[in-house]
Amino acid sequence: MAKVWRDRSKERFWRQHLAAWRRSGRGIRDYCRSAGLSEPSFYAWRRVLAERRAARRTVAVARKRAEREEQSTTAAAFVPVRLIAESAVTAESAVVGGVEVVVRGGRVVRVAAGFAAATLREVVVVLEGLPC
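The rules behind the values
- All residue numbers here refer to positions counted from 1 along the written sequence of the relevant chain.
- Given that the model is predicted, a residue must reach a pLDDT of at least 70 before its local features are reported, and side-chain atom pairs must reach 80 or more before they are shown or counted; all residues, however, enter totals for whole chains, interfaces and linings.
- The side-chain values count all of the structure's non-hydrogen atoms but skip hydrogen atoms and water molecules.
- Numbering of helices and strands runs from the N terminus; a helix is a DSSP stretch of H or I covering at least four residues, while a strand is a stretch of E covering at least two.
- Under the scheme applied here, a residue whose accessible area is under 20% of the maximum for its type counts as buried, over 50% as exposed, and between as partly exposed, the area being computed with a 1.4 Å probe on protein chains only.
- Between two residues, a contact is recorded if the distance between any of their heavy atoms is within 4.5 Å.
- Per-residue and other accessible areas follow the Shrake-Rupley method at a 1.4 Å probe size, with only the shown protein chains counted as cover for residues.
- Between 30 and 60 degrees the pair is tilted, below 30 it is stacked and above 60 it is edge-to-face, where a pair is any two Phe, Tyr or Trp rings, Trp via its six-membered ring, whose centres lie within 6.5 Å.
- As used in this structure description, the phrase polar contact means that two N or O atoms lie within 3.5 Å; if the pair is within protein, one of them must be able to donate a hydrogen and the other to accept it, and residues adjacent in sequence are counted only when both atoms belong to side chains.
- Multiplying one less than the number of residues by 1.5 Å gives the expected span of a helix.
- What the arc measures is the spread of directions leading from the helix axis to the C-beta atoms.
- When DSSP finds two or more bridges between two strands, those strands count as paired.

Novice: Got a minute to help me understand the overall build of the protein chain in this structure?
Specialist: Helix and strand counts for the protein chain stand at 4 helices and 2 strands. The order of α-helices and β-strands along the protein chain, N terminus first, is α-α-α-β-β-α. Split into buried and exposed, the 132 residues of the protein chain put 15% on the buried side. Sequence separation of at least 24 residues holds for 35% of the intrachain contacts in the protein chain that already meet a minimum separation of 6. Summing over all exposed atoms, the protein chain offers an accessible surface of approximately 10700 Å²; the carbon and sulfur share of this is 57%.

Shown next, in the form of structure tokens:
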């Protein structure tokens, strides 16, 4: 995308006149006549500056949304845990002396007793799609 060159002094000039016009309470035609400004230029700059202001807001909103999304994916999350009696565990899902972890999407990780906590942590991070 090409960088658009902007004359900052011209932009400042028109911002100041727009602010002065708003404070004056006069009509645009009257204000332009008394300030020695071209009325079509006044309208054009009012539109250009409003578009630039809207574009800045759009970028700011998008940036905040991206920051929120990034925080939500990197923040530690609490997950529900349900304990069940040992007699209720089926032979298929039984992990003797171990644990069963359900991650996002309903995937199940069964871990036997004596597992390495660091390894489990890495597996869950990969399954959850979180950055390491």
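Now that the structure has been shown, we can carry on.
Novice: Would you mind showing me how to read the packing of aromatic side chains here?
Specialist: Note on aromatic pairs: each is described by the distance of the centres and the angle between the planes. As enumerated under the stated definition, the model contains 6 aromatic pairs in all. Note on tryptophan 21 and phenylalanine 42: the rings are 5.5 Å apart at their centroids and 80° apart in plane angle, and the pair reads as edge-to-face. Of this pair, tryptophan 21 sits in helix H1 (residues 8-24) while phenylalanine 42 sits in helix H3 (residues 39-74), and the two are 21 residues apart along the sequence. A relative accessible area of 15% places tryptophan 21 in the buried class. Plain terms: the ring middles of phenylalanine 42 and tyrosine 43 are 6.4 Å apart, the flat faces sit at 90° to each other, and that makes the pair edge-to-face. Owing to a relative accessible area of 0%, phenylalanine 42 belongs among the buried residues under this scheme. Chaining the aromatic ring pairs together yields one cluster made of Phe13, Trp14, Trp21, Tyr31, Phe42, Tyr43 and Trp45.

Novice: Sorry, what's going on with the side chain of glutamate 11 here?
Specialist: Along the chain, glutamate 11 turns up in helix H1. A distance of 2.6 Å separates polar atoms of two side chains, one belonging to glutamate 11 and the other to arginine 52. The residues touching glutamate 11, leaving out its near neighbours within four places in the chain, are Arg6, Trp45, Leu49 and Arg52.

Novice: Help me out: how do you make sense of H1 in this one?
Specialist: Think of an α-helix as turning once every 3.6 residues; residues three or four places apart then point the same way. Helix length check: H1, at 17 residues, gives a terminal C-alpha distance of 24 Å against a target of 24 Å (1.5 Å per residue), a fit within 8%. What H1 keeps buried is the set Glu11, Trp14, His17, Leu18 and Trp21. Along H1, the residues classed as buried sweep out an arc of 130° about the axis, all on the same side. The outward face of H1, more than 90 degrees from its buried face, is lined by the exposed residues Arg8 and Arg23. Where H1 terminates, the next one or two residues include glycine 25, which has phi positive at roughly 75°.

Novice: Explanation requested: the pairing of strand S1 (residues 99-102) in the structure shown.
Specialist: The side chains of a regular strand alternate, residue by residue, between the two faces of the sheet. Pairing analysis gives 4 bridges linking S1 to strand S2 (residues 108-111), with the strands arranged antiparallel. Paired with valine 102 across the two strands is valine 108, which belongs to S2. Between the antiparallel neighbours S1 and S2 lie 5 residues, among them glycine 105 with a positive phi of about 80°.

Novice: Just checking my understanding: could you explain helix H2 (residues 28-35) for this structure?
Specialist: Residues of H2 that are buried: Ile28, Tyr31 and Cys32. Across the axial projection of H2, the buried residues extend over an arc of 95°, all falling on one side. Opposite its buried face, H2 presents the exposed residues Arg29, Arg33 and Ser34, each directed more than 90 degrees away. At the exit of H2 stands glycine 36, carrying a positive phi of roughly 75°.

Everything listed here is a matter of geometry and, on its own, says nothing about what the molecule does.
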